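Here's the letter readout for the chains.
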Amino acid sequence: MGRVSVEPAAYQEVKPWILTKHYARRMPCVQYAFKLLSEGRVVGIVTYGQPASPWLCKGVAGDEYRKRVIELNRLVVASDAPKNAASILVGRSLRQLPKGLFVVSYADAGGWNHVGYVYQATNFLYTGMTKKRTDIYSESGHSRHHCGDTTKRQLRTAKHRYITVTGNGSCKAHLMKLIRYPVLPYPKGESRRYDVDNPIPVEETLLS
């Protein structure tokens, strides 16, 4: 592997990656963004932001810590990126975030056959799976943005949930103990890597 580095990225730098290469094809809330450079070329991006669910923010460590919860909401790595590029990007970006944050991320098991090996490699805790369900369809992907049309439904696939805490030492150890979700053994299985130029989900998200 050649020289790689992880640096903060501007919103306008990560936006094209998210809209054209990530399977969701939509912008999330972006509070922190980072890029992975290999020999000076950007080969991946990761973003963090406020979770869409207020229940998640309260559920991680209680109401007292809800404002400290952020989500790793987009991770995109080029198909020709160096080996282990995704785990390098996640691991190094976590060290550049403010200390004392609870970081949640999801691996889409139902829609994309993702297991979450990147999060396992970067020492996230595994806290189980969300439930598969349907909700009101919206182009943004969030049911609260349905603009009054409640006739269409979309599938929200089951996802593996991972959590970690930024910082180190006794402070990090203390916060890790505050996580309310049960910590479970890492899931295993064949993980499917999607084509960043032509992502095709396992399941359709728009239901008739």
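That block above? That's the structure.
Calculation notes
- Counting of residues starts from 1 at the beginning of each chain's written sequence and follows it residue by residue.
- Under the rules for a predicted model, residues below a pLDDT of 70 receive no local features and side-chain atom pairs below 80 are neither given nor counted, while totals for whole chains, interfaces and linings still include all residues.
- Side-chain calculation: all heavy atoms of the structure are included, whereas hydrogens and water are not.
- Buried means the residue's accessible area, taken with a 1.4 Å probe over protein chains only, is under 20% of the maximum for its type, while exposed means over 50%, and partly exposed covers the values in between.
- Secondary structure elements follow DSSP: runs of H or I no shorter than four residues count as helices, runs of E no shorter than two count as strands, and numbering proceeds from the N terminus.
- Note: the arc covers the axis-to-C-beta directions of the helix.
- Contact between two residues is taken to exist if any of their heavy atoms lie within 4.5 Å; hydrogens are not considered.
- Pairs of N or O atoms are called polar contacts if they sit within 3.5 Å, as long as, within protein, a hydrogen donor faces a hydrogen acceptor (for residues adjacent in sequence, only side-chain-to-side-chain pairs).
- Buried residues of nine kinds, namely Ala, Val, Leu, Ile, Met, Phe, Trp, Tyr and Cys, make up a nonpolar core once their side-chain atoms join them within 4.5 Å.

Some remarks on helix α2 (residues 54-61)
Then, number 1: When α2 is considered as a whole, its buried residues turn out to be Leu-56, Cys-57, Val-60 and Ala-61. Looking down the long axis of α2, one finds its buried residues gathered within 105° of arc, a one-sided arrangement.
Then, number 2: Along its buried surface, α2 packs onto β4 (69-77), β5 (102-108) and β9 (159-165).
Then, number 3: At the N-terminal end of α2, a side-chain oxygen is found 3.3 Å from the backbone nitrogen of Trp-55, two or three residues along, and the residue is Ser-53.
Then, number 4: Downstream of α2 by a residue or two, Gly-62 has a phi angle that is positive, lying close to 95°.

Here we look at the nonpolar core
Then, number 1: Leu-36, Tyr-48, Leu-72, Leu-75 and Val-103 are the most contacted members of the largest nonpolar core, which totals 34 residues.
Then, number 2: The set of elements that each furnish at least two residues to this core consists of β1 (4-8), α1 (11-20), β2 (32-38), β3 (41-49), β4, α3 (85-96) and β5.
Then, number 3: Sequence-distant contacts of Val-103, defined by excluding residues within four places in its chain, comprise Tyr-48, Ile-70, Leu-72, Leu-94, Leu-97, Phe-124, Tyr-162, Ile-163, Thr-164 and Thr-166.
Then, number 4: Among the nonpolar cores identified, the runner-up in size contains 12 residues, and Leu-56, Val-69, Val-104 and Val-165 belong to it.

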